[in-house]
Amino acid sequence: MFGRLGCMSFQCARIVILWATKFIRTRFQKCKKCCARKKLDQAQARLGAEIFSLYKNEQTDWPNAALVPQYLKAIEAAELEVFQLDDALDRINADYLKKKQEIREKCPTSKE
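Once a new chain begins, its residue numbering starts again from 1 and follows that chain's sequence as written. Per-residue local features of the predicted model are confined to residues with pLDDT of at least 70, and side-chain atom pairs are confined, for both listing and counting, to 80 or more; whole-chain, interface and lining totals are unaffected and use all residues. Hydrogens and waters are ignored; side-chain quantities use all the structure's heavy atoms.

Asker: Before we move on, can you summarise the side chain of Q29 with the specific residues and values?
Answerer: Among the structural elements, Q29 can be located in helix α1 (residues 2–56). Buried, partly exposed and exposed residues are distinguished by accessible area as a fraction of the type maximum, computed with a 1.4 Å probe on protein chains only: under 20%, between the cut-offs, and over 50%, respectively. A relative accessible area of 13% means that Q29 is categorised as buried. Residue contacts are counted whenever heavy atoms from the two residues lie within 4.5 Å of one another. When neighbours within four sequence positions are excluded, Q29 is seen to be in contact with L85, A88, L89 and I92. Each helix is a run of H or I in the DSSP string that is no shorter than four residues. Each strand is a run of E no shorter than two, and both are numbered from the N terminus.

Right, here's the structure in full:
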């Protein structure tokens, strides 16, 4: 009886600590994702402003303009960063669930 109770309390404590670390890591990644999203929005705004200025000057060949490919590369890099941070968040969640399951398997709480 006492052995099972000790095992259950230890299991709960480990899961709480695991959840807290997941929470902190997730918050950190979400902050980084917010910054990356801002960079993406700024890059898209710069591209839009460049295209609008070319349109305003009645230049129809904007895909071949000098700055447009640079802005497109900046947008691709910013999008890649956002996608990588999404993947990191998914990995954090999957890692948490895997470790939680491992903890539960080490100390079965079912009645015998």
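Picking up after the structure, the text goes on.
Asker: Break down the environment of A74 for me, citing the residues and quoting the values.
Answerer: Here A74 is to be found in helix α2 (residues 68–106). As a C-alpha pair, A74 and L85 span 11 residues in sequence and 17 Å in three-dimensional space.

Asker: How would you sum up the nonpolar core? Please name residues and give values.
Answerer: Nine residue types can take part in a nonpolar core, namely buried Ala, Val, Leu, Ile, Met, Phe, Trp, Tyr and Cys, and a core is a set of them joined through side-chain atoms within 4.5 Å. Core analysis: the biggest nonpolar cluster contains 12 residues, these being A36, L40, A43, L47, L54, A65, V68, Y71, I75, A78, V82 and L85. Among the elements of the structure, α1 and α2 are those that each provide at least two residues to this core. By residue number, the principal contributor to this core is α2, which donates six residues. For V82, the residues in contact, after removing those within four places along its chain, are K33, A36, R37 and L40.

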